[in-house]
Amino acid sequence: MQNKINKTILAGLTLSELEKFITDIEEPKFRAKQLHQWIYKKPASTFDQMSNLSKDFRNKLSELAVITNIQISQKVVSKDGTIKYLLEYPDGKRVETVLMSYQNRPNLTACISTQIGCAVGCVFCATGKKGFVRNLTSAEIIEQLLAIQMDTGLVVTNIVFMGQGEPLLNYEETVKAINIINSEFEIGMRRITVSTCGIAPNIRKLTELNRQLILALSLHAPDSELRKQLMPIENKYPLDEVMEALKFFTRKTGRRVTIEYLLIDKINDSIEHAYKLNSLLKDLKCNINLIPFNPIKECGFKKPSVERVNKFKEILDLGTKKATIRLERGNDIAAACGQLAGDQTNSIYTNH
Ligand code: SAH
Ligand code: SF4
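Every value quoted in this text rests on a predicted model; they were computed, and no experiment measured them. (Residues numbered from 1 in each chain as written. Chains lettered and ligands numbered in written order. Predicted model: local features only at pLDDT ≥ 70, side-chain atom pairs only at ≥ 80, totals over all residues. Heavy atoms only, no water.)

Asker: Explanation requested: the nonpolar core in the structure shown.
Answerer: Here is a general trend for soluble globular proteins: nonpolar side chains tend to be buried in one another's company. One finds Leu35, Ile159 and Leu246 to be the most contacted residues of the largest nonpolar core, which totals 105 residues. Ignoring any residue separated from it by four or fewer positions in sequence, one finds Leu35 in contact with Leu10, Leu18, Ile22, Phe47, Met50, Leu53 and Leu61. Counting residues in each nonpolar core, the second largest holds 5 residues, with Val98, Met100, Tyr102 and Val160 among its members. (Core = buried A, V, L, I, M, F, W, Y, C linked by side-chain atoms within 4.5 Å. Buried < 20%, exposed > 50% of the residue type's maximum accessible area, 1.4 Å probe, protein only. Contact = heavy atoms within 4.5 Å.)

As structure tokens, then:
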């Protein structure tokens, strides 16, 4: 791919594609490997930082290529260390990407986006409220990761496809991005999570790839009736069909799926809902991740009290599945789940 002034964009190129680029510009092939290291592993933000490349070669690279075209338009750091980036592509479209670190773990998790906006329109989600703008290409998805690495100088260890958009409605590009993350960044499949609202046919398609990645379903209701009210996708791919697709995944890959269940005060968080959830998930090989609702300005739902959340979990603990309550990250900077609106209407941003 080339940018406006015909420079080659290196982000997302595999080692063999970099080798082709290097041979095309009449440089020795081994240079590709060095360049690859600097782009994905070190990570360098300019060619000048690539200290084991000769000055002439670095100058030539600057004339012919860019590492990425993405710009950090804004960046904000939470009290808990979570960083939220507002990133801009050359067409002016913006996307949000979040980096989470944990005090007692060496993991660095990037929460990345696959679309600008989202067409699914779940009633509780800030991204959904904005509607769909466009799909991202695999290279654009990768650029989010590079932007984080280049800005922090750190190497990301885990990826969650839980930013803006529905990954399985941008299936081909998401799968391409997963492959690049696995082969070029060398992040293991078991450290990559794809979260979906339940696009049943594409869960099956993904299963056929037989990858060891983590599949997460945004369930959010224990029955079809309630799910329809929260997630319009239920009309297209009803719960039965989605559950069958998940079982196909667990059978074929031998992997447990993650069930994400948003707890919204007095909507889906009663004791009855918890019992219903136990029986729905009885035959599914899964873990349950409870997410207390993060308030967004576009909808009147509330976060349940700690007591209600704990009570709900206690009932799940009577079942056979392991349930955990998701650690809240970046809440003070609207970087928590579902709060990514992809613009700067939010006053918490500071200039980068
Ligand atoms: N489209 C995919 C992935 C992005 S959303 C999906 O829906 O799974 C990532 C997660 O954030 C999903 O589980 C989603 O349901 C959840 N989420 C959306 N809005 C939220 C909110 N206001 N509070 C907490 N979680 C939310
Ligand atoms: Fe789209 Fe996921 Fe938000 Fe639903 S929760 S609107 S699928 S991003």
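Asker: When you look at the pairing of strand β3 (residues 71-77) in this model, what are you seeing that I'm missing?
Answerer: Two faces make up the sheet, and in a regular strand the side chains alternate between them. For β3 and strand β4 (residues 83-88), the ladder comprises 6 bridges, and the chain directions are antiparallel. Directly across from Val76, in β4, lies its bridge partner Lys84. Connecting β3 to the next strand, β4, in antiparallel fashion are 5 residues, including Gly81 with a positive phi near 95°. (Pairing = 2+ DSSP bridges. Helix = DSSP H or I, 4+ residues; strand = E, 2+ residues; numbered from the N terminus.)

Asker: Is there a simple way to explain the packing of aromatic side chains in this structure?
Answerer: Think of a pair of aromatic rings as described by two things: how far the centres are apart, and how the planes are tilted against each other in angle. What the rule picks out here adds up to 3 aromatic pairs. With a centroid separation of 4.8 Å and an interplanar angle of 75°, the aromatic rings of Tyr40 and Phe185 are classed as edge-to-face. Taken together, the positions of Tyr40 in helix α2 (residues 30-40) and Phe185 in the loop between α6 (171-183) and β10 (192-196) put the pair 145 residues apart, joining distant regions of the chain. Summarising the burial analysis for this pair, Tyr40 and Phe185 share the class buried. With a centroid separation of 5.3 Å and 25° between ring planes, the pair formed by Tyr261 and Phe312 is classed as stacked. In this pair, Tyr261 sits in strand β12 (residues 257-263) while Phe312 sits in helix α12 (residues 306-318), placing the two residues 51 residues apart along the sequence. There is no split in this pair, since Tyr261 and Phe312 are both buried. Lying over the aromatic face of Tyr89, Arg134 brings its terminal NZ or CZ to 5.8 Å of the ring centre. Between Arg204 and the ring centre of Phe248, over which it is positioned, the NZ or CZ distance is 5.1 Å. (Phe/Tyr/Trp six-rings, centres within 6.5 Å; stacked < 30°, edge-to-face > 60°. Lys NZ or Arg CZ within 6 Å of the ring centre and 35° of its normal.)

Asker: Looking at this structure, how should I read the site of ligand 1?
Answerer: Every one of the 19 residues lining ligand 1 counts as a neighbour, but Gly165, Ser195, Ser218, His220 and Asn294 are closest to it. Between ligand 1 and the protein, one listed contact pairs an oxygen atom with a side-chain N or O atom of Ser218 at 2.6 Å. Take His220: an N or O atom from its side chain is 2.5 Å from an oxygen atom of ligand 1. Within the complex, the protein chains bury 96% of what would otherwise be the 530 Å² of accessible surface of ligand 1. Counting only elements with at least two residues in the shell around ligand 1, the list comes to β10 and β12. Considered class by class, the residues forming the shell around ligand 1 number 9 nonpolar, 8 polar and 2 charged. Here the shell around ligand 1 gathers at least three residues from each of two domains, domain 2 (70-196 + 335-347) and domain 3 (217-326). (Near = heavy atom within 4 Å. Polar contact = N/O pair within 3.5 Å; in protein donor to acceptor, adjacent residues only side chain to side chain. Areas by Shrake-Rupley, 256 points an atom, 1.4 Å probe, with all protein chains shown as cover. Nonpolar A, V, L, I, M, F, W, Y, C, P; charged D, E, K, R; others polar. Domains from an automatic or database assignment.)

The analysis is restricted to geometry; functional conclusions fall outside its scope.
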